[in-house]
Amino acid sequence: MIAGLLLAFIAGSLVSLQNIFNNRVNVKTGSWSTTTLVLGMGFIASLTICLIVEGIGAFHFDQMKPWYWISGMIGVGVVICLVRATKLLGPTFAISVVMASQLGTALLWDSLGWLGLEKVPFTINQLLGVVIIVGGIVIFKLGGRRAYQQVAVNNTRGK
């Protein structure tokens, strides 16, 4: 369990870091070129590491269902939406909304057992957890707005 928590923590940190880099690239190029660069570089890196670690045997896809191939297209949606959301909302707020959305969607998919997932019983505690996280994001956003407004008022008064 500790290893899983550590890996999840690392993944979350890397997503946030990647979001910052993607935002900087997007400022200089644009959303679609950023997405192409991010996914292209990711392809080159993962292919290289895969070949080194697992060898050519990793590419036997005969047991894979054909509709699993859409995962890459979903990745395009993830990157393009996150790049645009960051531009419109800022990195922290965008990632907060993404995390809440991930949790809510994962809860739905687990509870319904879709796409071959093992069905996990839905509980009110799970729903309450998602609602609390969404509430925290709202408080975070509104609290930040009030602090920003206070700084703006103080600056106009010469304080």
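Analysis parameters
- Residues numbered from 1 in each chain as written.
- Predicted model: local features only at pLDDT ≥ 70, side-chain atom pairs only at ≥ 80, totals over all residues.
- Heavy atoms only, no water.
- Axes fitted to C-alpha atoms, helices over the stretch in contact; angles between N-to-C directions.
- Helix = DSSP H or I, 4+ residues; strand = E, 2+ residues; numbered from the N terminus.
- Parallel < 35°, antiparallel > 145°, perpendicular 65-115°, else oblique.
- Contact = heavy atoms within 4.5 Å.
- Nonpolar A, V, L, I, M, F, W, Y, C, P; charged D, E, K, R; others polar.
- Left-handed = near helix turned anticlockwise from the far one by under 90°.
- Phe/Tyr/Trp six-rings, centres within 6.5 Å; stacked < 30°, edge-to-face > 60°.
- Buried < 20%, exposed > 50% of the residue type's maximum accessible area, 1.4 Å probe, protein only.
- Polar contact = N/O pair within 3.5 Å; in protein donor to acceptor, adjacent residues only side chain to side chain.
- pLDDT = per-residue confidence, 0-100.
- Expected span 1.5 Å × (residues − 1).

### Brief notes about the packing of helix α1 (residues 2-28) against helix α3 (residues 71-89)
The N-to-C vectors of α1 and α3 enclose an angle of 75°; their axes lie 9 Å apart at closest approach. Put simply, α1 runs roughly perpendicular to α3. The residues of α3 that touch α1, namely those facing Asn 19, Asn 22, Asn 23 and Asn 26, are Val 79, Leu 82, Val 83, Thr 86 and Lys 87. Class assignment for the residues of the contact of α1 with α3 results in 3 nonpolar, 5 polar and 1 charged.

### So, the packing of helix α2 (residues 31-53) against α3
Viewed as axis vectors pointing N to C, α2 and α3 meet at an angle of 130°, and their least axial separation amounts to 9 Å. One way to sum up the angle between α2 and α3 is to call them oblique. Regarding α2 and α3, the two cross each other, and that crossing is right-handed. Contacts between α2 and α3 involve Ser 31, Trp 32, Thr 34, Thr 35, Val 38 and Leu 39 from the first element and Gly 75, Val 76, Val 79, Ile 80, Val 83 and Arg 84 from the second. For the contact of α2 with α3, the residue count by class is 7 nonpolar, 4 polar and 1 charged.

### Overview of the packing of aromatic side chains
For the structure shown, the criterion picks out 4 aromatic pairs. With centroids separated by 6.1 Å and ring planes inclined at 85°, the aromatic side chains of Phe 59 and Phe 61 adopt a geometry described as edge-to-face. Given a relative accessible area of 34%, Phe 59 falls into the partly exposed group. Relative to Tyr 68, the ring of Trp 67 lies with its centre 4.6 Å away and its plane at 65°, an arrangement referred to as edge-to-face. Overall, Trp 67 belongs to the partly exposed group, its relative accessible area being 40%. Clustering of aromatic rings is evident, with ring pairs tying together Phe 59, Phe 61 and Trp 69.

### Section: unusual backbone geometry
Most peptide bonds are trans, and most residues other than glycine sit at a negative phi. Positive phi outside glycine occurs at Leu 115, with the angle close to 55°. Looking at the secondary structure, you find Leu 115 in the loop between α4 (91-112) and α5 (124-156).

### With respect to the environment of Lys 141
Structurally, Lys 141 can be placed in helix α5. As for Lys 141 and Ser 96, which are separated by 45 residues in sequence, their C-alpha atoms are 9.8 Å apart.

### Thoughts on the side chain of Thr 34
Assignment of secondary structure puts Thr 34 in helix α2. The exposure class assigned to Thr 34 is buried, which follows from its relative accessible area of 0%. There is a polar contact of 3.2 Å between the side chain of Thr 34 and the side chain of Thr 29.

### A closer look at the confidence of the model for the protein
Across the protein, pLDDT averages 88, with 90% of residues at or above 70. Per-element confidence in the protein ranges from a low mean pLDDT of 79 for α5 to a high of 95 for α2.

### Observations regarding the side chain of Ser 111
Along the polypeptide, Ser 111 turns up in helix α4. For Ser 111, a relative accessible area of 12% puts it in the buried group. Beyond its immediate chain neighbours, meaning those up to four positions away, Ser 111 contacts Lys 119, Val 120 and Phe 122.

### Quick look at α2
Between its first and last C-alpha atoms α2 spans 32 Å; for 23 residues at 1.5 Å apiece the expected length is 33 Å, and the two agree. Among all positions of α2, only Ser 31, Thr 34, Thr 35, Val 38 and Cys 50 are buried. Where α2 is buried, its residues touch α1 and α3. One or two residues past the end of α2 sits Gly 55, with phi positive at roughly 75°.

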